[in-house]
Every structure is written in structure tokens, then in C-alpha cells.
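Letter by letter, the chains look like this.
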Amino acid sequence: MPEKDSGKISRRFLLKALGGGAAWLGLSKLPSALAQVSGQAIKPLPGFTGPDANPYWGAAGPFVIYPQKLPLIQITDRPVQLETPRHYFLTPFTPNAAFYVRWHLEGIPNAVNLSKWRLFLEGNVEKSLALSLSDLMKQFKPVSIAAVNQCSGNSRSRFQPRVPGAQWGNGAMGNALFTGVRLKDLLNSARVRTGSVQVQFEGLEKGRGLTDSASYRFLKSLHLNDPVIHETIVAYEMNGEPLPMLNGFPVRLVVPGKFSTFWIKALTWIRVLKEPDTNFWMTKTYCVPDTPRGNTTPEDVKNGRVNMVPVGTMPIRSFIVTPDGSGKIPLEMPVTVRGIAFSGYGRVVKVEFSDDDGKAWKKTRLGVDYGRYSFRTWETTWIPKRIGKYMLAVQATDEKGNVQSDEDYWNPKGYLWNKIERQEVTVDVAQ
Ligand SMILES: Nc1nc2c(c(=O)[nH]1)N[C@H]1C(S)=C(S)[C@@H](COP(=O)(O)O)O[C@H]1N2
Ligand SMILES: [Mo]
């Protein structure tokens, strides 16, 4: 489904996109069942092909259950950081209950009184706005867009040398159908004054962050002349439901194609600025070297030779979701290899699969195109013809010609990871 200009998307469509009604119902029953069995944290058992069969896909952490959520992998609890387990990426849309979570301050909202809550638009405008949720839903035209929300630090745990920060595996990402109002419509209604340069966003949370300089307010800004301003929406629905509290209820910013550091959750203040925003979150962190691919070396950083600029568009990525290496594959059994791909720069047009560690590549079948900012699923049938270990690999290309590579790559904050992904599997005689 392309980007859609209507407010509602049918329930049937969503169920289908989420992987079928039955599977969805099964999933929503899971948390209470698991909670009953385990009481608290759930530890996965080791894989059948050995404890090291699949160490790298997800983060190493216990499973935890938060309100409105299925068991997710805990990275930290204050601030809350939860990773989505691998198998939720079999479908193009990530269920809300399985969607990853990332906050920076410890005091996050756990209830919002909608009769009091307002979205404020203020600063360098002719007319400040204070809109209730129903004003947003009724006074502005609803739009829907399928968009990937990915943390800039997704896959950070793979960087060599290691970098500080949350040691995410690959699950600090998700794709959802967001519905809301265009930021541009709100700005037009407030009438931006001449001399404005940026627009700043702030959510409801307060409190300490990891360091003093990172405390009390999380603020991000976009340039008014950035073309993404025209595509940005203030979303009040996620996959046809209200946003989960942990993902930004009642509204969040959706900035298609950009890393989700800009996607402010529990969005409550929008400010039009006359000067560029120089706050901590714009200039001291969420920045990458101003070089091709944001690549640099620890030596260049140490010697002050690196100019850092805010992280922006998401580079192209693709993943093998299954097989996951947790079990052996019988010789000559046709296996459906499945995964997802996306790029912030344009539509994914090709996904290639290799069973020999990236020496020879073969095109895969692409799934439904839900628009240029969405996950695109891919699959291919693979019949292993010899026993032993195989190194599977996947590589995507977008419409702008961006393609993933194996080239070494490093930056001091551990952002923008997009190297070719691999999965080792073992094939054995069918018995
Ligand atoms: N209000 C608020 N919005 C926020 C953040 C935050 O700390 N506070 N973190 C940002 C970052 S860095 C990420 S990765 C995403 C995570 O979105 P999610 O929790 O819905 O997955 O939220 C973004 N929006
Ligand atoms: Mo992030």
C-alpha cells in the first residue's frame, strides 16, 4: 500500500499486514500466559546447535514485561530501553506490543489526562496554538504513512573497537503505519514568521539522564528548509490503535526516513526558533563525522580532526530473520529464507541472497511495497546440497543506487551501522 491520504486503514488490512488474524491473537495472549508461568524475567534456553549458534542478532539481556508490551529484551531500566526480539521482523509491520522502546530521562509519563493535555505550538509564529487531541483529529486532514522507526544506535554492539552507549543488537527498529496530521498544516495554521530557521520539539518526560548535561529536557529540532518538514506528521495512531504509552501516547512526531532521535514521543511543545538549536541533544550527542558514510578512526577523533554533524537519514539495511541458526537444517530440504530491508534514501528495489559468505549473489522475491519509508519483506527458496556449515548473507539496493557493503566502518558514538548481515547455519543429513 502506498502512502495513503485517508485517515483510516481497514482492520482487515492491518491484520493481514501483521501476519494474519490468528497469529496476532496468539501473540496478544502470550504476555499473560508467560507472566503466569515465569512470574518475572524470562531467560531463553540455549539454542540446539550450541550456545554460540546465534549470539549476534539480538542484544544479550533478560526478557521483561512492561505495561502494554510483550516480553522484550531489556537493555536498561532507567531510562527504559527495550529491544524487539528477532522473529517479530517476519512481518512488514511490527506489532505495537512488540515495538522497541527507548527513552533518555528517567521520569517518563505513565498516564496522560486528555481533558487537560494540549499540543502547544509557540515561538516565532503569528498565532500560538493549544490543540486538544480531538482538535487535532477533527480540525486537520488525517494522513497515513508506513515508516521505519530505527534508533541511530541500532546494532551498536557490533562496532570494533567497542563504543559506549546502549549495546543494542539489531532490534532497535520497527515499522508501523502511522496516522496523524501534517506538521506543515499545523505550522501553516500558526503562520510561521519570517526569520524563522528551525522548529523544536519537546515531550512530556522530565528528570535525570545519564549525565548532568543530558538531564531534565530532551529537545530535538529540524531545519525549516529540510524537505522532510513536508512529510513529517504528528501521529496519534500506530497500526490503527492509540500509541502505546512507552511509544509516545498521545502523539509523537514521525519524521520519515530519518533516525528516530527526531521522532519526539509524548510530543507537547512545538517551538518555531529564530536561531539554530544548540542544545546538548543537537550538538553534543546524536552526531556523526562529516565524512562519507560518517566513517572515521579513534585516532582522528583523539586528535580533534573530526567535524561532527547531527545524524540524519537512515542508510540502507537488510536482515535475515529466518533461518536463525538455532536448529540444524536437513540436507536438501527446501527452506524459505525470509527477512526485511529498508532505506531512508529511497525505495528498496533489490535484495540479494548468498549462501557462500557473499561471493555469489542471487536476487530474492520482494514482498508488497507499502511505500518508500516502510520495511520491505523479501524471501527466497534455498535448497542446501551439501552437509556442513554455510554462511548466509543478504544485501539490499535502493532506487538511488545505494547498496550495502562489507567495508570496515567506525564512528565514536556507534551510529549508522549498515554493513552486510550474515547468518551461519548448519546442514546435516536428514534422518
Ligand atoms: N520524548 C522523547 N521522545 C523520544 C526520545 C526520548 O527520550 N524522549 N528518544 C528518541 C530516540 S533516540 C529514539 S531511538 C526513539 C525511540 O522510539 P520508540 O521508543 O517508540 O521505539 O524515540 C525518540 N523520541
Ligand atoms: Mo535513539
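Up top is the structure these notes are about.
Remember, it's a predicted structure, so these values are computed and weren't measured experimentally. (Residues numbered from 1 in each chain as written. Chains lettered and ligands numbered in written order. Predicted model: local features only at pLDDT ≥ 70, side-chain atom pairs only at ≥ 80, totals over all residues. Heavy atoms only, no water.)

1. Topic: the pattern of salt bridges
Heads up, the condition is: The salt bridge definition used is simple: a Lys or Arg side-chain nitrogen within 4 Å of an Asp or Glu carboxyl oxygen. Strands here are runs of E lasting at least two residues and helices are runs of H or I lasting at least four, both read from the DSSP assignment and numbered beginning at the N terminus. For each residue, the accessible area found with a 1.4 Å probe, counting protein chains only, is set against the maximum for its type, and the residue is called buried under 20%, exposed over 50%, and partly exposed in between.
All chains considered together, the criterion is met by 17 salt bridges. Residue Arg-347 is joined to Asp-369 by a salt bridge in which the shortest nitrogen-to-oxygen separation is 2.6 Å. Note that Arg-347 is positioned in the loop between strand S19 (335-342) and strand S20 (348-354) and Asp-369 in the loop between strand S22 (365-366) and strand S23 (376-382), a separation of 22 residues in sequence. Arg-347 sits in the partly exposed class, given a relative accessible area of 29%. Among the charged side chains, a network of salt bridges with common partners joins Glu-122, Glu-202, Lys-206, Arg-217 and Arg-271.

2. A short note on the site of ligand 1
Which entries qualify depends on this criterion: To be near a molecule or strand, a residue needs just one of its heavy atoms within 4 Å of it. Counted as a polar contact is a pair of N or O atoms within 3.5 Å, where, for protein atoms, one must be capable of donating a hydrogen and the other of accepting one, and residues adjacent in sequence contribute only when both atoms are in side chains. Areas reported here follow the Shrake-Rupley algorithm with a probe of radius 1.4 Å; residue values treat only the protein chains shown as occluding. Any residue outside Ala, Val, Leu, Ile, Met, Phe, Trp, Tyr, Cys, Pro, Asp, Glu, Lys and Arg is labelled polar, Gly included; the first ten of those are nonpolar and the last four are charged.
Neighbouring ligand 1 are 18 residues, the closest being Tyr-100, His-104, Glu-205, Arg-252 and Lys-265. Measuring from an oxygen atom of ligand 1, one finds a backbone N or O atom of Tyr-100 at 2.7 Å. Lys-265 has a polar side-chain atom sitting 2.4 Å from an oxygen atom of ligand 1. Protein burial of ligand 1: of its 530 Å² of free accessible surface, 100% is covered by the chains. Counted by class, the shell around ligand 1 contains 9 nonpolar, 5 polar and 4 charged residues.

3. Some thoughts on the side chain of Asn-418
Rule in force here: A contact between two residues is defined here by any heavy atoms of the two lying within 4.5 Å.
Considering the arrangement of structural elements, one finds Asn-418 in the loop between strand S24 (388-398) and strand S25 (421-428). Here the side chain of Asn-418 touches Ile-316 through a polar contact of 3.1 Å, landing on its backbone oxygen. For Asn-418, the residues in contact, after removing those within four places along its chain, are Arg-293, Pro-315, Ile-316, Arg-317 and Gln-404.

4. Focus on the packing of aromatic side chains
The following threshold applies: The aromatic pairing rule takes the rings of Phe, Tyr and Trp, using the six-membered ring of Trp, and pairs them if the centres are within 6.5 Å, calling planes under 30 degrees apart stacked, those over 60 edge-to-face and the rest tilted. Two thresholds decide whether a charge sits over a ring: the Lys NZ or Arg CZ must be within 6 Å of the ring centre and within 35 degrees of the ring normal.
Counted under the stated rule, the structure contains 16 aromatic pairs. Here Lys-220 stacks its cationic end above the ring of Phe-262, 4.9 Å away from the centre of that ring.

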